[in-house]
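# Breakdown of the fold
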Amino acid sequence: MSKLISINVAAAQTLRCLDGQEVRSGIAKRPVQGPISLKPMGLTGDEQVDLSVHGGLSKAVYAYPQEHYAFWQTVRAQAGAAAWGETLPPGSMGENLTLTGLLESQVWVGDVLRFAAAEVIVSEPRQPCFKFNAVMGFNKAAKLMSESGWCGFYLAVKTGGSLQAGESFELLPGPREVSISELFRARMRR
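Quick summary incoming for the structure in this document. Bear in mind the structure is a predicted one, so any value in this text is a computation, not a measurement.

Another aspect to go through is the state of the cysteines. Tallying each qualifying case throughout the model produces zero disulfides. Here Cys-17 is not cross-linked by a disulfide; its sulfur's nearest cysteine counterpart is in Cys-129, at 8.5 Å. On the basis of relative accessible area, Cys-17 is assigned to the buried category, the value being 6%. Sulfur of Cys-151: no disulfide; nearest cysteine sulfur belongs to Cys-129 and is 13 Å away. Overall, Cys-151 belongs to the buried group, its relative accessible area being 0%.

What follows is the structure, encoded as structure tokens:
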């Protein structure tokens, strides 16, 4: 069964990159409680800074499978960026929706996720950048995301409404022409 584990938002803030550079970013998402309003441009209380790569109508919401969190906890410890056994809270990948029961290999562009009071459409995979290295705490994080294919996926809002952590959702197949995994691999080869 597919389930929404956590809803995560952030206001834009200064992010210190591993090279010491400071940039504005909304990647530091944190879980929020209660029903959260979902509108065409995303979740109430969430901000994106660089709309050329995050946000907008086709990338209003970013979803990430909770199943990959154990991998990231292990590689952060191996890189010396975290203690062994240190857990990552939901939102640590910069995602708005932490999901379980739906991996990148199981979702296609155009698929719809139907929640109790909202629907979103799968639009494209996330492409990792230097900001992901900063929040993970080591320089090879973006490269590991590229190699693993554990990128998560962006969602456009089909029907606005509200979302609540803990609710189940249904996957409605779209045209099934290109999967998130296939599109991500193609983009990473460029």
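Let's shift gears to helix H3 (residues 141-148). Those residues of H3 not exposed but buried are Ala-141, Ala-142 and Met-145. All buried residues of H3 lie within an arc of 105° about the axis, which places them on one face of the element. Looking at the buried positions of H3, the neighbouring elements they touch are strand S7 (61-65), helix H1 (69-78), helix H2 (130-136) and helix H4 (180-189). Positive phi shows up at Gly-149, right after H3, with a value of about 80°.

Turning next to the pairing of S7. Most of S7 is tucked away, with five of its five residues classed as buried. On S7, burial covers both faces: Val-61, Ala-63 and Pro-65 on one face and Tyr-62 and Tyr-64 on the other are all buried. Direction of pairing for S7 relative to strand S11 (residues 153-163): antiparallel, over a ladder of three bridges. Bridging from a neighbouring strand, Val-61 pairs with Leu-155 of S11. Pairing between S7 and strand S8 (residues 97-100): three bridges, direction parallel. Counted as the bridge partner of Pro-65 is Leu-99 from S8. A crossover connection joins S7 to the parallel S8 through H1; in handedness this β-α-β unit is right-handed.

All right, on to the pairing of S8 then. Side chains on a regular strand alternate between the two faces of the sheet. In this structure, strand S1 (residues 3-9) lies alongside S8, joined through four bridges in antiparallel fashion. Within S8, the residue paired with Lys-3 across the bridge is Thr-100.

Calculation notes
Residues numbered from 1 in each chain as written. Predicted model: local features only at pLDDT ≥ 70, side-chain atom pairs only at ≥ 80, totals over all residues. Heavy atoms only, no water. Disulfide = S-S within 2.5 Å. Buried < 20%, exposed > 50% of the residue type's maximum accessible area, 1.4 Å probe, protein only. Helix = DSSP H or I, 4+ residues; strand = E, 2+ residues; numbered from the N terminus. Arc of directions from axis to C-beta. Contact = heavy atoms within 4.5 Å. Pairing = 2+ DSSP bridges. Right-handed = clockwise from strand over helix to strand, strands pointing away.

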